[in-house]
Amino acid sequence: MPCTLVRLAGCPLHCSYCDTPQAIPMNSGNIMTIDAIMQRIRASARPLVLITGGEPMAQRSLPQLLAALRHEDAIVQLETSGAYDISSIEAPVRRILDVKTPGSGEAARNKWDNLQQLRAGDEIKFVLTDEADYRWSIDIIRQYELQSQPATILFSPCWGHIDVRDLARRILDDRLNVRLQLQMHKHIWGAEAEGV
Ligand code: SF4
């Protein structure tokens, strides 16, 4: 779906596979007012707005940005590392919760309570770096009974680490009710492209 991506600077995590390390420092990027961000979003007129980072929940002004977006027609998604309590992010914002796998090096930052408060339209994302992450993610799905909650479960292969065809086959063979998510921008524009 055509999407306006709002990338907010700053993240307290340091995932091994981070593909936007330039967004980790809090002083990276450009300072913009919420009005200026909204003008850019309206000018692009796309049906989906994705707030991501960095870690968007590390930004103090996130509530004001979400409040401004309430009046727009677009679907709004917010992608977060799962290291913050997501209960303050109210509907209709759809939350994408990245569950940090062991391969990220940041699994200790997962706030497991977040898994109890998912709603329809939300997504739970597992970025997989290897077989151990795959097995671990299945264990987490079972342990927290994630198949019986309303959010969509995504298995996202870490670029360059996992063979996508192998992962697709494993998902089918193991009869998992999860969605295989590819980083489509990398397939279209290449892994190194920025700003796409
Ligand atoms: S949470 Fe996201 S932005 Fe932060 S280090 Fe991990 S992958 Fe990078």
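All of the points below concern the structure found in this document.

### Brief notes about the overall build of the chain
In step 1: Looking only at helices and strands, the chain has five helices and seven strands in total.
In step 2: Along the chain, from the amino end to the carboxyl end, the secondary structure elements read β-α-β-α-β-β-β-α-β-α-β-α.
In step 3: With the C-alpha coordinates aligned to their principal axes, the bounding extent of the chain is approximately 50 × 35 × 30 Å.
In step 4: Taken over 196 residues, the chain has a buried fraction of 28%.
In step 5: Here the analysis covers contacts within the chain between residues at least 6 apart in sequence; of these, 70% occur between residues at least 24 apart.

### Points about the nonpolar core
In step 1: Core analysis: the biggest nonpolar cluster contains 29 residues, and Val49, Ile51, Ile124 and Leu128 have the highest contact counts within it.
In step 2: Here this core gets four residues from one element, more than from any other, and that element is strand E5 (residues 123-128).
In step 3: Setting aside residues up to four positions removed in sequence, Ile124 forms contacts with Leu97, Val99, Leu118, Leu146, Ala151, Ile153 and Leu154.

### With respect to the site of the ligand
In step 1: Around the ligand, a shell composed of Cys11, Leu13, His14, Cys15, Cys18, Thr20, Ala23, Ile24, Gly53, Gly54, Glu55 and Ser81 is seen.
In step 2: Across the shell around the ligand, the residue classes break down as six nonpolar, five polar and one charged.

### A short note on the sheet that holds strand E2 (residues 48-52)
In step 1: The seven strands lie next to each other as E1-E2-E3-E4-E5-E6-E7, forming an open sheet whose pairing is parallel. Across the chains shown, the open sheet's two edge strands, defined by having one partner strand only, are strand E1 (3-7) and strand E7 (179-180).

### Considering the pairing of strand E6 (residues 152-157)
In step 1: The two faces of E6 differ: Ile153, Phe155 and Pro157 on one face are buried, but Thr152, Leu154 and Ser156 on the other face are not.
In step 2: The pairing of E5 with E6 spans six bridges and is parallel. Of the residues in E6, the one forming a bridge with Val127 is Ser156.
In step 3: In this region the chain leaves E5, passes through helix H3 (residues 131-143) and returns to the parallel neighbour E6; the handedness of that crossover is right-handed.
In step 4: Each parallel crossover has a hand, and for E6 linked through helix H4 (residues 164-173) to E7 it is right-handed.

### Some details on helix H2 (residues 62-69)
Since the α-helix turns once every 3.6 residues, residues separated by three or four places project in the same direction.
In step 1: When H2 is considered as a whole, its buried residues turn out to be Leu62, Leu65 and Leu69. Buried residues of H2, seen end-on, are gathered within an arc of 65° and therefore sit on one face of the element. Exposed residues lying more than 90 degrees from the buried face of H2 are Pro63, Gln64 and Ala67.

Calculation rules
Residue indices begin from 1 for each chain and proceed along its sequence in written order. Given that the model is predicted, a residue must reach a pLDDT of at least 70 before its local features are reported, and side-chain atom pairs must reach 80 or more before they are shown or counted; all residues, however, enter totals for whole chains, interfaces and linings. Runs of E in the DSSP output that reach at least two residues are strands. Runs of H or I that reach at least four are helices, and both are numbered from the N terminus. Exposed residues have 12 or fewer other C-beta atoms within 10 Å of their own C-beta, buried residues have 20 or more, and residues in between are partly exposed; the C-beta atoms are placed from the backbone. Remark: residues whose backbone-derived C-beta atoms lie within 7 Å of one another are considered to be in contact. By our criterion, buried Ala, Val, Leu, Ile, Met, Phe, Trp, Tyr and Cys residues that link up through C-beta atoms within 7 Å make up a nonpolar core. Near residues are defined by distance alone, with the backbone-placed C-beta atom required to lie within 6 Å of the molecule or strand. Residues are grouped as follows: nonpolar covers Ala, Val, Leu, Ile, Met, Phe, Trp, Tyr, Cys and Pro; charged covers Asp, Glu, Lys and Arg; every other residue, Gly included, is treated as polar. When DSSP finds at least two bridges between two strands, those strands are taken to pair. We call a crossover right-handed when, viewed with the strands running away from us, the connection from the first strand over the helix to the second turns clockwise. What the arc covers is the set of directions going from the helix axis to the C-beta atoms.

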